[in-house]
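In case you want the letters, here they are:
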Amino acid sequence: MNATEPTGRREPTARQRAESLKERVYISFTSLAVVLALRSHADETTPGAAAATLSIVVVGSLLGIFVADLLSHLTVHAKLPSGRELNHMIAVSTEALSVLVTPLLLLTAAGLGLWSTAVALQWAVVVLVVTLLVIGYLAIRRLELPVHLKAVIVLAEVVLSMVVIGLELLAHNL
């Protein structure tokens, strides 16, 4: 292959990167809500049941987001998405599944007896919060802003994330 032939792989557009980040934020918060709820009942659940619950909720959420994306496309463009657009929608959804990997590994380790379900779920909370921080960093890394303004944006993200977590805990404890 010479240098003028296309490789077949295109760099994602800014809009596509934003869609991917947005979906990972949604799924991270969804996962966090489920893990927080499961954590409050860790003594009453098994690692397998917790993993199944988390997986079902995340896959269901991703399917819901996919349907919303499809309906939005139909509304805006008055036609079905092209093959490339549909592939992008599917890719964004399947990439967001990566949010599940570490929590499921932690629950698998609990299932193998390496630690309790409560410990696995607590570490899953930590991992999901860190995931949100990484997503926030990915969102701002290309901004042409001074470092102190980027720090303010990250701080605002952390504060808003803590508000979301607080609301999730409040809702669960009502």
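Just so we're clear, the structure is a prediction, and the values are computed from it rather than from any experiment.

Colleague: Please provide a residue-by-residue account of the overall build of the chain, values included.
Modeller: Per the secondary structure count, the chain includes 6 helices and 0 strands. Ordering the α and β elements of the chain from the N terminus gives α-α-α-α-α-α. Principal axes of the C-alpha set define a box for the chain whose edges measure 60 × 40 × 40 Å. Burial status across the chain gives 29% buried among its 174 residues. Counting contacts in the chain only where the partners sit at least 6 residues apart, residues at least 24 apart contribute 71% of the total. When the accessible area of the chain is evaluated, it comes to approximately 10900 Å², of which 68% is carbon and sulfur surface.

Colleague: How would you summarise the packing of helix α1 (residues 14-39) against helix α6 (residues 147-173) if you had to cite specific residues and measurements?
Modeller: One can describe the packing of α1 onto α6 by two numbers: an axis separation of 10 Å at closest approach and a directional angle of 40°. Looking at the two axes, α1 sits oblique to α6. Crossing of α1 against α6: the hand is right-handed. Mapping the contact onto sequence places F29, L32, A33, L36 and A37 in α1 and S161, V164, I165, E168, L169 and H172 in α6. A per-class count over the contact of α1 with α6 returns 8 nonpolar, 2 polar and 1 charged.

Colleague: Report on α1, specifying residues and quantitative values.
Modeller: The terminal C-alpha atoms of α1, which comprises 26 residues, lie 37 Å apart, in line with the 38 Å expected from a rise of 1.5 Å per residue. Three or more residues of α1 are buried, namely S20, L21, E23, I27, S28, F29, S31, L32, V34, V35, L36 and L38. Those residues of α1 that are buried are in contact with α2 (47-77), α3 (83-96), α5 (117-140) and α6.

Colleague: Pulling in residues and values, what's your account of unusual backbone geometry?
Modeller: Unlike most non-glycine residues, A78 shows phi in positive territory, near 55°. Within the secondary structure, A78 sits in the loop between α2 and α3.

Colleague: So, the nonpolar core: which residues are in play, and what are the values?
Modeller: It is characteristic of soluble globular proteins that their nonpolar side chains tend to be buried jointly. Grouped together as the largest cluster of nonpolar side chains are 27 residues, with contacts concentrated most on I27, L32, V35, L54, V58, L107 and L121. Listing elements by their share of this core, those giving two or more residues are α1, α2, α4 (101-111) and α5. No other element matches the 7 residues that α1 contributes to this core. The residues touching I27, leaving out its near neighbours within four places in the chain, are V58, S61, L62, I65, A96 and V99.

Colleague: Could you give an account of the packing of α1 against α3, naming the residues involved and the relevant values?
Modeller: Relative orientation and spacing of two packed helices are given, respectively, by the angle between their axes and the distance between those axes. At their nearest, the axes of α1 and α3 sit 9 Å apart, and the two run at 40° to each other. In terms of orientation, α1 lies oblique with respect to α3. Crossing geometry of α1 relative to α3 is assigned as right-handed. Counting all contacts with α1, which are made through Q16, E19, S20, E23, R24 and I27, the residues of α3 involved are H88, V92, S93, E95 and A96.

Colleague: Give a description of the confidence of the model for the chain that names residues and reports values.
Modeller: Averaged over the chain, the pLDDT score is 88; the fraction of residues at 70 or greater is 95%. Across the chain, element-level confidence peaks in α4 with a mean pLDDT of 97 and bottoms out in α6 with 84.

The rules behind these values
- Residues numbered from 1 in each chain as written.
- Predicted model: local features only at pLDDT ≥ 70, side-chain atom pairs only at ≥ 80, totals over all residues.
- Heavy atoms only, no water.
- Helix = DSSP H or I, 4+ residues; strand = E, 2+ residues; numbered from the N terminus.
- Buried < 20%, exposed > 50% of the residue type's maximum accessible area, 1.4 Å probe, protein only.
- Contact = heavy atoms within 4.5 Å.
- Areas by Shrake-Rupley, 256 points an atom, 1.4 Å probe, with all protein chains shown as cover.
- Axes fitted to C-alpha atoms, helices over the stretch in contact; angles between N-to-C directions.
- Parallel < 35°, antiparallel > 145°, perpendicular 65-115°, else oblique.
- Left-handed = near helix turned anticlockwise from the far one by under 90°.
- Nonpolar A, V, L, I, M, F, W, Y, C, P; charged D, E, K, R; others polar.
- Expected span 1.5 Å × (residues − 1).
- Core = buried A, V, L, I, M, F, W, Y, C linked by side-chain atoms within 4.5 Å.
- pLDDT = per-residue confidence, 0-100.

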